[in-house]
Every structure is written in C-alpha cells, then in structure tokens.
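The residues making up each chain are set out below.
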Amino acid sequence: MIEINILKLNFNDEDFLYIRNIRKSVFNTELGISESELFDKYDETCDHFLIFNGEKIVGSVRIRSMDATIKLERMAILKEYRTKNYGKRCILQIKQYYSTKNFSQIILDSIYSVRGFYKKCGFIEEGKIFQRVGIDHIRMSLTF
Ligand SMILES: CC(C)(COP(=O)(O)OP(=O)(O)OC[C@H]1O[C@@H](n2cnc3c(N)ncnc32)[C@H](O)[C@@H]1OP(=O)(O)O)[C@@H](O)C(=O)NCCC(=O)NCCS
C-alpha cells in the first residue's frame, strides 16, 4: 500500500509558500481559475496540510472547522502525482485526524467533473449543481 504523510501548517508559516505554488499551478495555470480566487480571508484561520509521498511534496488541502463539521477545500494533487491514490490516502488521514478531535462529518463543494474521486473516498452528493468561479460544483458529505 502506498504511504503518504501530511504536515499541518498555518497561514503564517514560511512553508505556506509551497501551498501558494501548488494552488497557482493547479487552480490557476491548469484549471484557469483567476489568481484573485486562490486565496481568501479563511486562509488565515484554516488548518493547511502539505501532502508528502515520502520524498516530495505532492499536493495540499485546507480544512475549515464549523461546529461538529469540517469543510475540506482547495484539494490539489500536482498533475504528475495523480491517480496514485495520494488524494484518497490524504482524505483518509484527514478523517482519522479530525475524528480524534470530535468532528464527525466532512463536507465539501466538489468540482462537478471530479465528484467521482470523492465518491471513491465515501462522499455522497447533496443538493443541486451550482456554479462557482465559472465551474459547475456540487455539495458532498461524509459522516463518520
Ligand atoms: C481530484 C484529485 C484531488 C484526485 O487526486 P488523486 O490523487 O489523483 O486521486 P486518487 O489517485 O487518490 O484517486 C482515488 C480514486 O478516485 C479515482 N479518481 C481520481 N480522480 C478522479 C476523477 N477526476 N474522476 C473520477 N474518479 C477519479 C481514482 O481512479 C481512484 O479510484 P480507485 O480507488 O478505484 O483506484 C486530483 O485529480 C486533483 O488535484 N485535480 C485537480 C484539482 C481539483 O480538481 N481538485 C478538486 C477540487 S473540488
């Protein structure tokens, strides 16, 4: 089984630079989302995670806490590291980490075309398709 490690960061940590670069590469360069949408006020209070494959940084994600629920946002695996199960392993580790902190649900707004990835991670679709940053999205949730 492939192994990954996740490293928790804050917005003010020097290593947040890596997260900036991953978001620019994946969401701006690759997906064409405007640079002005890549960062917002929640970055200052979220938990941020860098994802490692034992050798290299392969991606990042941020977590926003809301009562008993966490919201998973800005999930990105760099293109050259995709479909190696790093994303799925990351979500499993996030789930394990937050279950020890008394959270019992993860919600997220999936880009509609990648919802199959989150389904493989156990999420179910909720509600209707909506648009954000010009891209179709759908709310998904996982209760544990
Ligand atoms: C979506 C993303 C995070 C998936 O990460 P990944 O590491 O490539 O995914 P994994 O290898 O862990 O895939 C887990 C499973 O989901 C499937 N899967 C991966 N990407 C998928 C996709 N886009 N659509 C449907 N299924 C997908 C895999 O085939 C795998 O299936 P398996 O368990 O049967 O082998 C990654 O493709 C990415 O960063 N995309 C660009 C940014 C993005 O869209 N982020 C999501 C914002 S909501």
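Please refer to the structure placed before this passage.
What you see is a predicted model; the values in this text were computed from it and never measured. (Residues numbered from 1 in each chain as written. Predicted model: local features only at pLDDT ≥ 70, side-chain atom pairs only at ≥ 80, totals over all residues. Heavy atoms only, no water.)

## Section: the pairing of strand β5 (residues 105-111)
Side-chain direction in a regular strand flips from residue to residue, so the side chains alternate between the two faces of the sheet. With six of seven residues buried, β5 is to be regarded as a mostly interior element. By the bridge criterion, three bridges tie strand β4 (residues 69-77) to β5 in an arrangement that is parallel. Following the sheet pairing, I70 is matched in β5 by I106. Following the chain from β4 across helix α2 (residues 86-99) to the adjacent parallel β5, one finds a crossover that is right-handed. Two strands pair when backbone bridges link them, and β5 and strand β7 (residues 135-143) are joined in this way by seven bridges, in the antiparallel orientation. Following the sheet pairing, L108 is matched in β7 by M140. (Buried < 20%, exposed > 50% of the residue type's maximum accessible area, 1.4 Å probe, protein only. Helix = DSSP H or I, 4+ residues; strand = E, 2+ residues; numbered from the N terminus. Pairing = 2+ DSSP bridges. Right-handed = clockwise from strand over helix to strand, strands pointing away.)

## Things to note about α2
Compared with an ideal rise of 1.5 Å per residue, which puts 14 residues at 20 Å, α2 spans 20 Å between its outermost C-alpha atoms and is within 8% of the ideal. For α2, the full list of buried residues reads Y86, G87, R89, C90, I91, Q93, I94 and Y98. Looking at the buried residues of α2, the elements they touch are β1 (5-9), β2 (47-52), β3 (57-66), β4 and α3 (115-120). (Expected span 1.5 Å × (residues − 1). Contact = heavy atoms within 4.5 Å.)

## Re the sheet that holds β5
Across the sheet, seven strands lie side by side as β1-β2-β3-β4-β5-β7-β6; this open sheet has mixed pairing. In the strand order of this sheet, the two ends are held by β1 and β6 (124-132), each with one partner. Neighbour to neighbour, the strand axes of the sheet diverge by 25 degrees on average, direction disregarded. Sheet topology places β1 next to β2; five bridges connect them, and they run antiparallel. Counterpart to I6 in the pairing with β2 is I51. The strands that α2 touches are β1, β2, β3, β4, β5 and β7; relative to β4, the one it contacts most, it runs at about 155 degrees. (Axes fitted to C-alpha atoms, helices over the stretch in contact; angles between N-to-C directions.)

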